[in-house]
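# Inside the fold
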Amino acid sequence: MAIIKALIPAFLLTWVVSLVIGSQGSSGGMLAITHTFYQGHELYWSWPLFLGATGLAWAIFSLLE
């Protein structure tokens, strides 16, 4: 259950950080932020950041149970 709960804060952290860094024209180095268009909307996303944030949030939620 902790992994399911961890997806929401990981998504929000990734979205905000990718938006801030990606909108400045940077790829974020190891974050590998990509700029894509999805159904007419711009989206900045980083899979390495999402996976790291999910792991961190999962560890925190697991310790709280």
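The structure we're discussing is the one just above.
Residues numbered from 1 in each chain as written. Predicted model: local features only at pLDDT ≥ 70, side-chain atom pairs only at ≥ 80, totals over all residues. Heavy atoms only, no water.

## Observations concerning the pattern of salt bridges
According to the stated counting rule, one finds one salt bridge in the structure shown. The residue Lys5 makes a salt bridge to Glu65 at a minimum N-O spacing of 3.7 Å. Pair noted here: Lys5 is in helix H1 (residues 2-22) and Glu65 is in the segment after helix H2 (47-64), with a separation of 60 residues, a long-range link. On the basis of relative accessibility, which here comes to 36%, the residue Lys5 falls in the partly exposed class. (Salt bridge = Lys/Arg side-chain N within 4 Å of Asp/Glu carboxyl O. Helix = DSSP H or I, 4+ residues; strand = E, 2+ residues; numbered from the N terminus. Buried < 20%, exposed > 50% of the residue type's maximum accessible area, 1.4 Å probe, protein only.)

## Let's talk about H2
The terminal C-alpha atoms of H2, which comprises 18 residues, lie 26 Å apart, in line with the 26 Å expected from a rise of 1.5 Å per residue. Those residues of H2 not exposed but buried are Leu49, Phe50, Ala53, Thr54 and Ala57. Relative to the axis of H2, the buried residues are bounded by an arc of 130° and lie together on one face. Exposed residues lying more than 90 degrees from the buried face of H2 are Leu51, Leu56 and Leu63. Packed against the buried residues of H2 are H1 and strand E2 (41-45). At the N-terminal boundary of H2, the capping side chain belongs to Ser46, with an oxygen 3.3 Å from the backbone nitrogen of Leu49. (Expected span 1.5 Å × (residues − 1). Arc of directions from axis to C-beta. Contact = heavy atoms within 4.5 Å. Polar contact = N/O pair within 3.5 Å; in protein donor to acceptor, adjacent residues only side chain to side chain.)

## A few points about the pairing of E2
Bridging between strand E1 (residues 34-38) and E2 involves five bridges; their strand directions are antiparallel. Counterpart to His35 in the pairing with E2 is Tyr44. In sequence, E1 turns back onto E2 through a hairpin of two residues, with Gln39 there showing a positive phi of about 50°. (Pairing = 2+ DSSP bridges.)

## Focus: the environment of Glu42
By the element assignment, Glu42 lies in strand E2. Separated by 20 residues in the primary sequence, Glu42 and Gly22 have C-alpha atoms spaced 11 Å apart. Aside from chain neighbours lying at most four places away, what touches Glu42 is His35, Thr36 and Phe37.

Everything listed here is a matter of coordinates, which is why it stays silent on function.
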